[in-house]
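Summary of structural features
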Amino acid sequence: MTAVLVTLGAVAALVAALLAYVGWRDRRRRSADDDPAVVRAARAERHRRAAEREHAQSDAWNRGGHGFTG
């Protein structure tokens, strides 16, 4: 019975140490994509490009150029 309890304690300590290590490693390995400022800047750039693209397409349509054949 004592051997079973010791084994279970050792396994529990090993699992706890493994979880602590993985958590520590993941916090250290924070990528630039997780940085809120980088995410905000990328989102603003995508929005700006989409707005420019939509504006160019609507201008072409309003000037009578309906696509590449206009």
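All figures in this text were calculated on a predicted structure; none of them were measured in a lab. (Residues numbered from 1 in each chain as written. Predicted model: local features only at pLDDT ≥ 70, side-chain atom pairs only at ≥ 80, totals over all residues. Heavy atoms only, no water.)

1. Quick look at a nonpolar patch on the surface
Side chains of Met-1, Val-4, Leu-5 and Leu-8 sit close together on the surface and give an oily, nonpolar patch of about 470 Å² of accessible area. Tracing the backbone shows Val-4 in helix 1 (residues 2-28). Owing to a relative accessible area of 47%, Val-4 belongs among the partly exposed residues under this scheme. (Patch = residues over 30% accessible without salt bridge, like charges linked within 9 Å, V, L, I, M, F, W, Y side chains within 5 Å. Areas by Shrake-Rupley, 256 points an atom, 1.4 Å probe, with all protein chains shown as cover. Salt bridge = Lys/Arg side-chain N within 4 Å of Asp/Glu carboxyl O. Helix = DSSP H or I, 4+ residues; strand = E, 2+ residues; numbered from the N terminus. Buried < 20%, exposed > 50% of the residue type's maximum accessible area, 1.4 Å probe, protein only.)

2. Here we look at the environment of Thr-7
The residue Thr-7 is located in helix 1 in this model. By relative accessible area, Thr-7 is classed as partly exposed at 47%. Within the local environment of Thr-7, its side chain forms a polar contact with the backbone oxygen of Ala-3, the two atoms lying 2.7 Å apart. (Polar contact = N/O pair within 3.5 Å; in protein donor to acceptor, adjacent residues only side chain to side chain.)

3. What about the pattern of salt bridges?
Taken as a whole and judged by the stated rule, the model has four salt bridges. The shortest N-O distance in the salt bridge between Asp-26 and Arg-25 comes to 3.3 Å. Since its relative accessible area comes to 38%, Asp-26 is described here as partly exposed. Looking at Arg-25, the relative accessible area reads 30%, which means it is partly exposed. Among the ionic pairs, Arg-48 bridges to Glu-45, the shortest N-O distance being 2.4 Å. In this pair, Arg-48 and Glu-45 are both assigned in helix 2 (residues 36-62), three residues apart and thus about one turn of the helix distant. In this structure Arg-48 comes out as partly exposed when scored by relative accessible area, which is 37%. In this structure, a network of salt bridges that share partners links the residues Glu-45, Arg-48, Arg-49 and Glu-52.

This is a description of form; function is not addressed.
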